[in-house]
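# A look at the structure
Here's the letter readout for the chains.
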Amino acid sequence: MNSRDTESEAGPLQVRGTVLTVRRVDAYHAITIVAPGIAARFKPGQFVAVAVGGPDTSMLLRRAFSIHDVRSDHGGTVEFVFAVTGRGTRWLAERRARDTLDLTGPLGRPFPVPREPASCLLVGGGYGSAPLFALADRLRERRCSVDFLLGAASGDRVFGALTARRTGRSATITTDDGSLGLRGIVTDMLGQVIHEARTDVIYACGPMPMLRQVTALARRYDIPVQVAVEEAMACGIGVCMTCVLPVVGSDGITRMVRSCVDGPVFRGEQVRWDDIGTIPLDAFGAPGWEGRSRRAGRLADSAENGTHPDGTRQDGTRQDGTRQDRTRQDRTRQDGRQPGRTSAADPARRHGHGT
């Protein structure tokens, strides 16, 4: 078997899987599908992209869902959890056993796990906590201790609280309204749990504002954090570029990366949370971008020559001998008009161009 065959076996599959069960889990729905190939390739943190609406639908885009669980039943099953938020998820919630679904997976990069036993804190918000339970199983296989910190707006929106309490070394639950566990949000309790659990590494999945706060607190405690981001994905395979976000690489350069293929798992401190939804001016490929090494070299040359980066010397003259602060009369054109201004007879002004 050559390396290409090995890579192919490890990659995602597109399958038509039979629905085994559709069940209601408090405010959410969970669908279990028979998909042996996807189950065999799955690693915690990966997701599936599911076609919705049936063969004649106008809903062309797939929906991405984190894989909650895989089992060996029926040759291999995959379960994902979702909330009904629109036409596509409403259609999914109406599926029944023996229906078939078209899905692609497993997609994305999984959670990395420690090489040595460590104290791991798993932080989840809403049904974003779904992928953390397969991760917990994997961590325990590595002899890591697992603590849970889960939260949501209300008790029916905390996913997996019972499982967390049953399988975790500890489980802290928070809700905005106090209907389950402690009143508040997960980050209110993060510092306390870190101290009590002697946390070595944090894994987090949930809404982006929560991930941003978890990352900020983790940096304060100098604890590495792995986050699974929640970005809208139209294709799931890196083609459409709808799920890009700015991430700083190991070389210090910011790049717009695709959550679906370069993630969804990232090191929290490398995500530029304040710039999500934008293209930072210093991102690779942005207009006017230049590499740090090139800029550093240009600044060093400027300092050595006593000039600013734009070529202006400290006395106000440029390297070609001209002055930057020429008088208004020097800047006046020979025809009497100021640069950048047009007369009423100027055709460009008359037709409105440039306004």
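Residues numbered from 1 in each chain as written. Predicted model: local features only at pLDDT ≥ 70, side-chain atom pairs only at ≥ 80, totals over all residues. Heavy atoms only, no water.

### Describing the overall build of the protein chain
The cut-off we apply is this: Comment: elements are numbered from the N terminus, with helices defined as DSSP H or I runs of at least four residues and strands as E runs of at least two. Per-residue accessibility, obtained with a 1.4 Å probe over protein chains only, is compared with the maximum for each type, and a residue is labelled buried under 20%, exposed over 50%, and partly exposed between these values. It only takes one pair of heavy atoms within 4.5 Å for two residues to be counted as in contact. Using the Shrake-Rupley algorithm and a 1.4 Å probe, accessible areas are obtained, with residue cover drawn only from the displayed protein chains.
A count of helices and strands for the protein chain gives eleven helices and 15 strands. A total of 355 residues make up the protein chain; the buried ones form 45% of that total. Residue pairs at least 24 apart in sequence account for 58% of intrachain contacts in the protein chain once pairs closer than 6 positions are excluded. Within the structure as shown, the protein chain displays about 19,600 Å² of accessible surface, and the carbon and sulfur contribution to it stands at 48%.

### Some remarks on the side chain of threonine 77
Tracing the sequence through the fold places threonine 77 in strand E5 (residues 77–82). If we ignore the near neighbours within four places in the chain, the residues touching threonine 77 are Leu20, Thr32, Ile33, Val34, Ala35, Ala39, Asp69, Val70 and Arg71.

### So, helix H4 (residues 132–141)
What H4 keeps buried is the set Leu132, Phe133, Ala134, Leu135, Ala136 and Leu139. On the buried face of H4, the contacting elements are strand E4 (63–71), strand E7 (119–125), strand E8 (145–152), helix H5 (161–167) and strand E11 (201–205). Arginine 143 sits one or two positions beyond H4 and adopts a positive phi of about 65°.

### Concerning unusual backbone geometry
Put simply, glycine 105 and proline 106 share a cis peptide bond, and its omega is -5°. Its location among the elements puts proline 106 in strand E6 (residues 100–107). Geometrically, the link from glycine 263 to proline 264 is a cis peptide bond, its omega value of 10° lying close to zero. Examined against the element boundaries, proline 264 turns out to sit in the loop between helix H8 (259–262) and strand E15 (265–267).

### A short note on the sheet that holds strand E1 (residues 13–25)
The line we're drawing: Note on pairing: DSSP must find at least two bridges between two strands before they are called paired. Only the stretch in contact is used when a helix axis is fitted, and all axes are lines through C-alpha atoms; the angle between N-to-C directions ranges over 0 to 180 degrees.
Judged by pairing direction, the barrel is antiparallel, and its six strands sit side by side in the order E1-E2-E5-E4-E3-E6 before closing back on the first. Strand-to-strand, the axes of this sheet are offset by a mean angle of 45°, without reference to chain direction. Alignment of E1 against strand E2 (residues 28–34), held across seven bridges, turns out to be antiparallel. What sits directly across from arginine 23, in E2, is alanine 30.

### Some thoughts on the pairing of strand E12 (residues 225–228)
Regular strands place side chains that alternate from one sheet face to the opposite one. Spelled out, the test is: Call a crossover right-handed when, viewed with both strands pointing away from you, the route from the first strand across the helix to the second goes clockwise.
Judged by which residues are buried, E12 turns out to be covered on both faces: Val225 and Val227 on one side and Gln226 and Ala228 on the other are all buried. Two elements, E11 and E12, share four bridges in a ladder whose sense is parallel. Note on E12: the bridge partner recorded for tyrosine 203 is glutamine 226. A crossover links E11 with its parallel partner E12, the connecting element being helix H7 (residues 208–220), and its sense is right-handed. In the sheet, E12 pairs with E15 via three bridges, with the strands oriented antiparallel. Paired with glutamine 226 across the strands is arginine 267, a residue of E15.

### Some details on the pattern of salt bridges
Two side chains with opposite charge may pair up if their charged atoms get near one another. Here is the rule: Only one rule defines a salt bridge in this text: a Lys or Arg side-chain nitrogen within 4 Å of an Asp or Glu carboxyl oxygen.
Within this structure, the stated rule accounts for 13 salt bridges. Among the ionic contacts, a cluster of salt bridges with common partners joins Arg272, Asp275 and Asp282.

### Describing the packing of helix H6 (residues 186–197) against H7
We apply this condition: Orientation labels follow simple angle bins: below 35 degrees gives roughly parallel, above 145 gives roughly antiparallel, 65 to 115 gives roughly perpendicular, and whatever is left gives oblique. Crossing chirality is assigned from the near helix's rotation relative to the far helix, an anticlockwise turn below a right angle marking it left-handed and a clockwise turn marking it right-handed. In this classification, Asp, Glu, Lys and Arg are treated as charged, Ala, Val, Leu, Ile, Met, Phe, Trp, Tyr, Cys and Pro as nonpolar, and every other residue, Gly included, as polar.
At their nearest, the axes of H6 and H7 sit 10 Å apart, and the two run at 25° to each other. In terms of axis orientation, H6 runs roughly parallel to H7. In this structure, H6 crosses over H7, and the sense of that crossing is right-handed. From H6, Val186, Thr187 and Leu190 reach across to H7, where they touch Met210, Gln213, Val214 and Leu217. Of the residues in the contact of H6 with H7, the class split is five nonpolar, two polar and no charged.

### Regarding the packing of aromatic side chains
Filter applied, for reference: Between rings of Phe, Tyr and Trp, where Trp is taken as its six-membered ring, a pair exists when centres lie within 6.5 Å; planes separated by under 30 degrees are stacked, by over 60 edge-to-face, and by other angles tilted.
According to the stated counting rule, one finds eight aromatic pairs in the structure shown. Centroid distance tyrosine 28 to tyrosine 127: 5.1 Å. Interplanar angle 55°. Geometry classified as tilted. On the criterion of sequence distance, the pair formed by tyrosine 28 in strand E2 and tyrosine 127 in the loop between E7 and H4 is long-range, its members being 99 residues apart. When its relative accessible area of 4% is taken as the criterion, tyrosine 28 is described as buried. For tyrosine 127, a relative accessible area of 31% translates into the label partly exposed. Centroid distance phenylalanine 133 to phenylalanine 148: 5.3 Å. Interplanar angle 25°. Geometry classified as stacked.

### Observations concerning the sheet that holds strand E9 (residues 170–175)
Taken in spatial order, the seven strands of this open sheet run E10-E9-E8-E7-E11-E12-E15, and their pairing is mixed. Here the strands that pair on one side only, and so sit at the sheet edges, are strand E10 (182–183) and E15. H6 contacts E7, E8, E9, E10 and E11 of the sheet and is inclined by roughly 170° relative to E7. The strands that H7 touches are E7, E11 and E12; relative to E11, the one it contacts most, it runs at about 170°.

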